[in-house]
Structure formats: C-alpha cells, structure tokens
Amino acid sequence: MREGAVVLVTAVMIAGFTSLNGSFFTLANSKVLADFVAGNVAVAAAQVMLMVVGEIDLSVGQVYALSPYIMYLVYQDGLGFKVGIPVAILAAALVGLINGIVTVRLHVPSLIATLGMGFFLSGFNIYISNGWYQIMPEKQPYTAVFGGGVIAGIDVTYLWTAAALIVLAIVLARMRHGIWSIATGSNLFGSREVGVNIRRTKIMNFILASVIAGVWGIFIANRGFTFGASGVADPAQGGDTLTLESIAAAVIGGTSLLGGSGTIIGAFAGSLLIAVLQDGLILVGAGAYIYQTLLGAAIIFSMALNIQARKWARR
Amino acid sequence: MSETVGDETPVVKMEGIGKNFGAIKALDDVTITLHHGEVLGIVGDNGAGKSTLIKILSGVYQPDKGDIYFEGNKVKFNSPIEARKMGIETIYQDLALIDDLSVYHNIFLAKEQFLNGMPVVRFLDNKKMKTSAARFLTDLKIDIPEIDAKVRLLSGGQRQAIAIARSVFFSAKVLIMDEPTAALGVVETKRVLDLIENLKKRKDVSIIIIAHNLAHVLSVVERLVILSRGRVIAEREGKETSIEDVTRIISTGAA
C-alpha cells in the first residue's frame, strides 16, 4: 500500500524528531500538528478529487482568504455571521463554478484557468481589504459551528475535518460521482462514449475544491474563538503556500497528476508528513529553508515512485 | 413500413446502400441482411468498403442512397448514439474501457446499480454489481482472475472480452466487431473466438465481424459477404467455403 509507506516514513520522522527534542512527542505539540493538518488536509483531499478527474486548482489558497473576508464584510454590514457565512460559501462556489466552466467549456487547461483565477483573487482580496486584516471580536452561535467552537474539548474544525475526509472517501469508493471521477480522469473519451457526464463530473469537483477551501478558510478565521480570543479575517491567509502544500500532500499521498487515481487517506498521510516535517524541523532548530528543501525532494521522489509503480503494474 | 424475408424479419437489412466520398464510389448498391442470432462475416481487400458499410450501420456516416431496416422498421441514424439506443453496438479495437476501474465497475459504468434508500444520496450496490458481473462472465465462459481487478492489469484478449460482455450485458441486439483479433496473440485470439462461439449459442445477439484474417473469420461465421470495390461480389455459407475459395474471389474480384 502506497499510503502505508508514507505513514511509515512519517512514523520514522516522528521517532527521529522525538529523540532530538523531547518536546516533539507531547500533547502541546500534537495540538500544533493537529491544527496544521486540520487547516490543510481537507483542501488537499479536495485537490485529490480534482486530480482524479485529471485537473488541478491553483486558486484554492486565495479562496481560503476570500471567503472569510467576505464573511467579515457581510457581518460588518450588520447582517451577522448568519448571512455572512452562507454568502461567503456561495462566493467560493461561484469561483469553483467559473474555474470549471472555463476549463470544461472554454477548454482552457485548468493549470492556466486556476492560475489566472489565483492571481485575480489575490489582487481582489487586497482590493476589498485594503491589505489589512480585520478583527471580529463578537462571538455568535454560527461562529461556534464554523470553526469557533469546542465540543468535549475538541475543536469543531477537527470534527469537521474528520467528517469531510470520511465523506470524500465514501464518495470516491461507494458513490457514482466517485466512480465517474475515476473514469473521467482515466479515459476521458471512453467514459463519454459509455455515457459518463464528464463535464458535470469535472465541474462538480471544481466547485467542491473551492467550497472546501472557502469553508476551511472560515474555520481558520474563526479559530481564535476556540481559545477565548477574537476571529481574524486576514486577506493573506492561505495563499500560494496553502495551494502548493495541498498539491504536495496529494502527490506525496500517491495521487497521480495524470488522472484516474488518488486516495483521500493518501492526502491525509501526505498532509501529516508535511506537518511533522515542518514542525519537527522548527523544534530541532533547523532553518525554514531546510523544510522547503526536504519538501521539494519528497514531492519529486513521490511522483517518480508513483509513475514507476504504474509502469511496473502495467507489465 | 416493413420488410420481411420469408416468415422471419431480419434484425438488420441494409438495402441498395450507396455512399460517395467526392468522386470516389465507396459503396454502390450494397444489400446485406443479418438474421437473429446470426454471425455474419464481412471480408474484402483494403478499400472494398467494409468499414464504410459498418460505419453507416453504426451511425457514423449517413448513406447517400438506400435504406436501413432495423427489426423490419425503416430507420435513419444521424449519430452513433442513435444507433446505440436501438441496440447496435460497435466494439472498436481501441476499447472504451477504464484502466483504473475494476472489471465490474467497467461493466456497470454509467449503468450503476444503487442500494435502496435515500433518493438523493445514493450509494452504489457494489456487492450486487460484483455478483451479477461475475455470474454473467461465467455464463459467457470469460475467464477473469479477479472481478475486483483493475482492467489495467488484464491482457488484451481479456479486455476485448470484457468490452464485448459489457455490450451484451446491456442487451445489445447487434454487435459490430471491427477486427476483433487484430492486435491479439494466439491464445488471446482463441479466447475471443471462443467468446463469439458462446454468444452464437445464446442466440440473443446478432454479430457482424469485419476482419482481415480469413482463418479467424471462417472459424466462427455462419455466413460470409465478400465485398470488392464497393459492391457485394459473393455470399457464402461459412461451412461450405474455404480460405482458398475466399482468397480467389477477393483477388480476382469475381465469384
């Protein structure tokens, strides 16, 4: 199992970091790791769904900042989170719909379509925010559901994240949309020939990726409420770092850019590996550049392994 | 409108078919019939018009002249989709199978079966699809090591067999096979020819085979139509003819 190998590597890394710095293997640090994974892994899983249909989304990091800021603007207008959150999610869905239509109907490769959307939104985010983050001091019931609450000592974001991963894994294995996604990515023309609605399948995954990015952006903006502080709508939240880490997690977890294969558990394993690598290197006092160097090597190594494994399976 | 031969209505009758591509007469007054449960071979040299003829039947081309009757009714196919809706399936060499899906998901692709329950959130009934696909493949004596195996891992003959089985499973009435053994090795070819034999016994699907390899065609067909330069020049019963006979007709262009 591909994911098993990633988990094994992660376990070795955890043992290594723990031997170098005892505070790695503590409850406090596991919270740091969990926060990182919960912020990224759902987006990585949505990226997997897109990569399965043979597409990619380079604008998720910008949607991750856009949605909470729109939520803030509506809330600021006096309409509260009750209106702000649905509007913010709709905005994310709209971005996904546009990405999908530009890719599927106008035949612009998604790499370019979403690169353009990413640039557009990074400018747009700064335009609507004047480049400043905003504090949202007032806790409301809706913020508790959307990332600001704690149930039995567990952040709701963790629960939402677990739920999202389980639902996506079920969709991929046990629902028609999952089978159609694999079919579309594996053999586009063959799938269409048989009667698979390849356009709708692709567009739905674009919308899914955008909505998940927007919703998890809202969760993270509301995270301050979980420890008695305020929410923050930050136009610099997420960004290209999140986008690239979501792709990295998917690829390390065994998802192929060629389409047709990818797993949600792989996205989780990849995301965990990235979290351990980043956090562990900080704790042992290594510079940030080492993290980037190692992550880069891990991505290339994983992809090479993936492609060679496919070739080997074909024999 | 109805067209009958004796007391049996043929599944397909193509009558007086003519097709020109610019100045080239690809087909000229071609008439063929396909009876229920029959395996018909169409042979001829390159450029004889075999491909044009089946592309007209499968809706890819529209004829300039002549009529097509399907189960006695005059029909007109403007696209392959229209032909497929009637139950005319074409199996191409380059198959529309999904490498990354299992055998049973391939067979049920776009015709999935669901568990009973919620109307909007519908879960696939993988178990049911798996058992019915396995049973059907066993009925057709198609030997697949694992019904869960991804199609990527199967051989060319197994893939061909699954593509054929998929069409038959969803009640294709006419199967058009374009060079079904062209890319296959000896064992694999036998596998596909055996499958055609099994389908012949079931009598619920009529088959048209187009092939260059006369030995393969002659071993399974019941009737043979020989085309030359866009015309039918001979018809033979499968059992009564020999490779030498057919080769002579094709090379001299005369029965």
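The structure this text deals with has already been given above.
Residues numbered from 1 in each chain as written. Chains lettered and ligands numbered in written order. Predicted model: local features only at pLDDT ≥ 70, side-chain atom pairs only at ≥ 80, totals over all residues.

1. Focus on unusual backbone geometry
Within the chain, Asn130 of chain A stands out as a residue other than glycine whose phi angle is a positive 55 degrees. Note on placement: Asn130 of chain A falls in the loop between α4 (110-129) and β1 (134-136). For Lys203 of chain B, which is not a glycine, the phi torsion comes out positive at approximately 65 degrees. Accessibility expressed as a C-beta count within 10 Å gives 10 for Lys203 of chain B, which makes it exposed. (Helix = DSSP H or I, 4+ residues; strand = E, 2+ residues; numbered from the N terminus. Buried ≥ 20, exposed ≤ 12 C-beta atoms within 10 Å, placed from the backbone.)

2. Digging into the sheet that holds strand β7 (residues 174-178) of chain B
Two pairing modes exist for strands in a sheet, parallel and antiparallel, and in both the strands are linked by backbone hydrogen bonds. All names here are of chain B. The sheet built from six strands is open, its strands ordered β6-β7-β8-β3-β9-β10 with mixed pairing. Looking at the sheet topology across the chains shown, the edges are occupied by β6 (88-91) and β10 (231-237). Going from strand to strand, the sheet's axes swing by 20 degrees on average, the running direction of each strand aside. For strand β3 (residues 39-44) and strand β9 (residues 223-228), the ladder comprises five bridges, and the chain directions are parallel. (Pairing = 2+ DSSP bridges. Axes fitted to C-alpha atoms, helices over the stretch in contact; angles between N-to-C directions.)

3. Considering the nonpolar core
Proteins that are soluble and globular tend to have nonpolar side chains buried together. Counting 155 residues, the largest nonpolar core has Val43, Ala45, Ala46, Met71, Ile212 and Ala213 of chain A together with Ile208 of chain B as the members making the most contacts within it. When residues in this core are grouped by element, the largest group, 17 residues, is from helix α3 (residues 60-104) of chain A. Once residues within four sequence positions are removed from consideration, Ala46 of chain A is found in contact with Leu208, Ala209, Ile212 and Ala213 of chain A. (Core = buried A, V, L, I, M, F, W, Y, C linked by C-beta atoms within 7 Å. Contact = placed C-beta atoms within 7 Å.)

4. Considering helix α10 (residues 239-252) of chain A
All names here are of chain A. Counted at 1.5 Å a residue, the expected span for α10 with its 14 residues is 20 Å, and the 20 Å between its end C-alpha atoms agrees. With 10 of 14 residues buried, α10 lies mostly within the body of the structure. Listed as buried for α10 are Leu242, Thr243, Glu245, Ser246, Ile247, Ala248, Ala249, Ala250, Val251 and Ile252. Of the residues flanking the end of α10, it is Gly254, one or two places downstream, whose phi is positive at about 100 degrees. (Expected span 1.5 Å × (residues − 1).)

5. Structural notes on the sheet that holds strand β5 (residues 73-75) of chain B
Residues and elements named next belong to chain B. In spatial order, the strands read β2-β1-β4-β5; together these four strands make up an open sheet with antiparallel pairing. The sheet terminates laterally at β2 (24-34) and β5, the two strands that pair on one side only. In this sheet, neighbouring strand axes are inclined to one another by 30 degrees on average, regardless of whether the strands run parallel or antiparallel. Summarising the sheet, strand β1 (residues 12-21) and β2 pair through seven bridges and their orientation is antiparallel.

6. Some points on helix α2 (residues 27-52) of chain A
Residues lying three or four places apart along an α-helix face the same way, a consequence of the helix completing one turn every 3.6 residues. All names here are of chain A. Given a rise of 1.5 Å per residue, 26 residues ought to cover 38 Å, and the 35 Å separating the end C-alpha atoms of α2 matches this to within 8%. Helix geometry: α2 is bent most strongly at Asn40, by close to 35 degrees. With its phi angle positive at about 85 degrees, Gly54 sits one or two positions after the end of α2. (Bend = angle between axes of the 7 residues up to and from the residue.)

7. Description of the environment of Gly123 of chain A
Residues and elements named next belong to chain A. Locating Gly123 in the fold gives a position in helix α4. Judged by C-beta crowding, with 11 C-beta atoms within 10 Å, Gly123 ranks as exposed. Remark: the alpha-carbon pair of Gly123 and Gln62, spanning 61 residues in sequence, is separated by 9.5 Å.

8. Some points on the environment of Ser59 of chain A
All names here are of chain A. Looking at the secondary structure, you find Ser59 in the loop between α2 and α3. Residue Ser59 is classed as buried on the basis of its 29 C-beta neighbours within 10 Å. Separated by 36 residues in the primary sequence, Ser59 and Val95 place their C-alpha atoms 8.9 Å from one another. What Ser59 contacts, discounting residues up to four positions off in sequence, is Val95, Asn99, Thr114, Met117, Gly118 and Leu121.

9. Notes on the pairing of β3 of chain B
Residues and elements named next belong to chain B. Where burial is concerned, most of β3 is hidden: six out of the six residues are buried. In this sheet, strand β8 (residues 206-210) lies alongside β3 in parallel orientation, the contact comprising four bridges. Considered in β8, the bridge of Gly41 is made with Ile209.

10. Re the pairing of β10 of chain B
Residues and elements named next belong to chain B. As defined by bridge partners, β9 adjoins β10 across six bridges and the pair is classed as antiparallel. Across the sheet, Leu224 pairs through a bridge with Arg236, a residue of β10. The antiparallel pairing of β9 with β10 creates a hairpin that spans two residues between the two strands, and Arg229 there sits at a positive phi of about 45 degrees.

11. Looking at the packing of helix α5 (residues 156-169) of chain B against helix α6 (residues 186-202) of chain B
Residue and element names in this part refer to chain B. For the pair α5 and α6, the least separation of the axes is 8 Å and the interaxial angle reads 20 degrees. The angle between α5 and α6 places the two elements in the roughly parallel class. For α5 against α6, the interelement crossing comes out right-handed. Seen from α5, the contacting residues are Gly156, Gly157, Gln160, Ala161, Ile164 and Val168; seen from α6, they are Glu188, Arg191, Val192, Leu195 and Leu199. (Parallel < 35°, antiparallel > 145°, perpendicular 65-115°, else oblique. Left-handed = near helix turned anticlockwise from the far one by under 90°.)

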